[in-house]
Amino acid sequence: MTKNKATASLDFIRKVVKKDNETGKYDNRVQTRFPPEPNGYLHIGHAKAICLDFDIAEENNGKCNLRFDDTNPLKEEQEYLDSIKRDVSWLGYKWDKLCFASDYFEQLYEYAIQLIQKGKAYVDSLSEEEIREYRGTVTEAGKPSPYRARSIEENLKLFKKMKNGEFEEGEHVLRAKIDMSSPNMKMRDPLIYRIRYAEHYRTGDEWCIYPMYDFTHCLSDSIEQITHSLCTLEFENNRELYDWFLDELEVYHPQQIEFARLNINYTILSKRKLAKLVKDGYVEGWDDPRMPTLSGLRRRGYTPEAIKSFIGKIGVAKKESIVDFALLEHCIRDDLNTRAPRKMGVLEPLKVVITNYPEDKTEELEAVNNPEDPSAGKRKVPFSREIYIERSDFMEDPPKKFWRLGPGREVRLRWAYFIKCHDFVKDEAGNIKEIHCTYDPATKGGSAPDGRKVKATLHWVSVPHAKNVEVHLYDRLFNTIDPYDVEEGEDFTSNLNPDSLKVLENCTVEPSLEDAKPGYICQFERKGYFCVDTEDSTPGNPVFNRIVPLRDQWKRIQKRQEHERRMKKQQQRKKNKK
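About the thresholds
- Residues numbered from 1 in each chain as written.
- Predicted model: local features only at pLDDT ≥ 70, side-chain atom pairs only at ≥ 80, totals over all residues.
- Heavy atoms only, no water.
- Helix = DSSP H or I, 4+ residues; strand = E, 2+ residues; numbered from the N terminus.
- Buried < 20%, exposed > 50% of the residue type's maximum accessible area, 1.4 Å probe, protein only.
- Contact = heavy atoms within 4.5 Å.
- Pairing = 2+ DSSP bridges.
- Axes fitted to C-alpha atoms, helices over the stretch in contact; angles between N-to-C directions.
- Parallel < 35°, antiparallel > 145°, perpendicular 65-115°, else oblique.
- Left-handed = near helix turned anticlockwise from the far one by under 90°.

Caption draft 1: Quick peek at the environment of V454. Within the fold, V454 resides in the loop between strand 18 (432–440) and strand 19 (457–458). You can call V454 buried: its relative accessible area is 14%. Excluding residues that lie within four positions of it along the chain, V454 makes contacts with E410, V411, R412 and F418.

Caption draft 2: Seen up close, the sheet that holds strand 3 (residues 98–100). One open sheet holds the 3 strands; their spatial order is 1-2-3, and the pairing between them is parallel. Every other strand in the sheet has two partners, leaving strand 1 (31–34) and strand 3 as the edge strands with one partner each. The mean angle between the axes of side-by-side strands here comes to 35 degrees, regardless of whether they run parallel or antiparallel. Seen against the sheet, helix 3 (residues 44–59) touches strand 1 and strand 2 (63–68) and runs at an angle of roughly 160 degrees to strand 1. Strands in contact with helix 4 (residues 78–90) are strand 1, strand 2 and strand 3; relative to strand 2, the strand with the most contacts, it is inclined by about 160 degrees.

Caption draft 3: Structural view of the packing of helix 5 (residues 105–117) against helix 8 (residues 213–223). Viewed as axis vectors pointing N to C, helix 5 and helix 8 meet at an angle of 110 degrees, and their least axial separation amounts to 11 Å. Considered as vectors, helix 5 and helix 8 are oriented roughly perpendicular to each other. Note that helix 5 runs across helix 8; the crossing there is right-handed. Of the residues in helix 8, those touching helix 5 at Q107, L108, Y111, A112 and L115 are F215, T216, L219 and I223.

Caption draft 4: Expanded view of the pairing of strand 17 (residues 418–426). In the sheet, strand 16 (residues 410–413) pairs with strand 17 via 3 bridges, with the strands oriented antiparallel. The partner of R412 across the bridge, within strand 17, is F418. Hairpin connection of strand 16 to strand 17: 4 residues between the antiparallel strands, including W415 at a positive phi of 65 degrees. Of the pairings in the sheet, the one linking strand 17 to strand 18 comprises 8 bridges and is antiparallel in character. Bridging from a neighbouring strand, C421 pairs with C437 of strand 18. Connecting strand 17 to the antiparallel partner strand 18 that follows it, the hairpin turn spans 5 residues, and G430 within it adopts a positive phi of roughly 90 degrees.

Spelled out as structure tokens, the structure:
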């Protein structure tokens, strides 16, 4: 590949880093960081930032810190911190330093003192509501606080009293003195410090004033000598404020670069809204396998390789867009197709009696573990006179193009024989409870010596050897393309998918799965990819989570919803013209 082609293949951030290295801007040093707030669990949107921060550092022989911007004692917990560390490690990354903004509290306090001494910060005594009112609007300039003119000496005295706990919460705040008429709302004398009488999960009750996020974030980057401060587009307006803090304090200046955040249809990636789902009991927790959190995806059975492949395919851009959820599902299918062993599991069992098969006979049939990987070898599967098939694989009066089992029909049993239905039995309610078939001994292995063909192959499990298990069929958490598209008076929870979880308690699987350990992944032939749940499983009693079906079941639904949305917009435009 030529140099020009290599450069063209780089995304815009990597081009900036490459140019900086060529010009020696940071002495060929690349230092990044991933800076989450420990106030919730990471979701797949964070995975994009994680991959970008760590990969760019690695690609340039640089270093990446994991830093917790822990400035809000009311929302931060050790549980969230531990989960974040676990998620980053699970994705396969190792941080250079584990850092905490709370370790910089003393330094940040000194920075605030410096700003006061320069006349660039003041203690304001307006209430929270008054501050909001004085700030103005996007179209209307703000007005200065009556306390903006306080002397440097008075501000220093009041700020130290704030630190010493001599005021009530909300009585005073420290604000930067910038420009109340700035078109950038972030520059209208933003808050730097506030009083909070709350115990911090790391520093305890050592502090009763806490720095605001914007003040802390850029200065923490400076303290850590970050070269390229990568963040999402919603921080683009913050850059002017960050530059102001760094320039006024005359400290090391990292380079901020913004990129588009990840948006996925049928999904919400707001930590606050995900917290609502957990708090209000819509899901079982942050690691519920329906959640887009990394812990939820991991528990469901998604692999780091699939997630990183997904992040690689969507790329890095400056413009916001929406990614199809089907791409994420494609990535996990593509990853597991080549390495997940094949097993047979019947989710809704219907008994089949092979009437011409010896009652006391059991065979060990040879089955391929993974047709995509010859090195995976083969296994033995027991076969007997009575087997289970899927209830949906039999119809008493099959319609046209239904090729599976029915009266007088012949099908292939995977790795076994051809069988032909000659009778069936119903219960008192009229439901089919048992099918009677004959088998052709000459078709062992799945092919007929006389060359006759069948149009369907069914998976099965031997009745006397079957292991009963519970299966959780997970689906998309929301049933609309845009979960925020709701009627007036409703919120995003009105679009939750009522069928996002179906629990099947009487499923049967082949005996090799009886001792499957938590986290074990396999493909149930014809049904999808499944993972043994890490929370609900017990020794000898695995619970299987469906990771993803073998095929996308949402294509038709999505097309219909997109058509309905277009029609709705057209009707609204016509209504507006009238």
